[in-house]
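Chain residues, written in single-letter form:
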Amino acid sequence: MSKPARVLTFKCDKCTKPVKVFLQKVSACSHIQPYQGLCACGELKRHATGNPDAVASYLQSSDDNWSHHH
């Protein structure tokens, strides 16, 4: 299995400028790879790949203390 990319670029939902998201702390869990970045306009951008339930939980969370539990 290949390693996830450390940096991805998306279009900001608010201002449509490019925003880079960075791979967050990686644990031993391979169920999710969470990404997060801040656009120049101040909009927080989140992205994740992996288990659909874990991804949905991450994208819906509103704090930086999100963690995946088994």
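Above this text sits the structure in question.
All values derive from a computational prediction rather than experimental measurement.

Caption draft 1: Inspection of helix H1 (residues 52-60) at higher detail. Buried within H1 are the following residues: Ala 54, Val 55 and Tyr 58. An end-on view of H1 places all buried positions within 100° of arc, on one side of the element. Residues Pro 52, Asp 53 and Gln 60 are exposed on H1 and point more than 90 degrees away from its buried face. For H1, the secondary structure elements touched by its buried residues are strand E3 (32-38) and strand E4 (44-50). N-capping of H1 is provided by Asn 51, with a side-chain oxygen placed 2.9 Å from the backbone N of Asp 53.

Caption draft 2: Broad picture of unusual backbone geometry. At Thr 16, a position not held by glycine, the phi torsion is positive, near 65°. Looking at the secondary structure, you find Thr 16 in the loop between strand E1 (7-11) and strand E2 (18-23).

Caption draft 3: The arrangement of the environment of Trp 66 in detail. Relative to the helices and strands, Trp 66 is located in the segment after H1. As for Trp 66 and Pro 34, which are separated by 32 residues in sequence, their C-alpha atoms are 9.9 Å apart. If sequence neighbours within four positions are ignored, Trp 66 has contacts with Ile 32, Ala 54, Ser 57, Tyr 58 and Ser 61.

Caption draft 4: Layout of the nonpolar core. One finds Ile 32, Ala 48, Ala 54, Val 55, Tyr 58 and Trp 66 forming the largest nonpolar core, which totals 6 residues. Top element by residues in this core is H1. It accounts for 3 residues. When near neighbours in sequence (up to four residues on either side) are disregarded, Val 55 contacts Ile 32, Ala 48, Thr 49 and Gly 50.

Caption draft 5: Expanded view of the pattern of salt bridges. Evaluated as defined, the whole model comprises 1 salt bridge. The shortest N-O distance in the salt bridge between Asp 13 and Lys 45 comes to 3.7 Å. Of this pair, Asp 13 sits in the loop between E1 and E2 while Lys 45 sits in strand E4, placing them 32 residues apart in sequence. Given the relative accessible area of 65%, Asp 13 is considered exposed.

Cut-off values and rules
- Residues numbered from 1 in each chain as written.
- Predicted model: local features only at pLDDT ≥ 70, side-chain atom pairs only at ≥ 80, totals over all residues.
- Heavy atoms only, no water.
- Buried < 20%, exposed > 50% of the residue type's maximum accessible area, 1.4 Å probe, protein only.
- Helix = DSSP H or I, 4+ residues; strand = E, 2+ residues; numbered from the N terminus.
- Arc of directions from axis to C-beta.
- Contact = heavy atoms within 4.5 Å.
- Polar contact = N/O pair within 3.5 Å; in protein donor to acceptor, adjacent residues only side chain to side chain.
- Core = buried A, V, L, I, M, F, W, Y, C linked by side-chain atoms within 4.5 Å.
- Salt bridge = Lys/Arg side-chain N within 4 Å of Asp/Glu carboxyl O.

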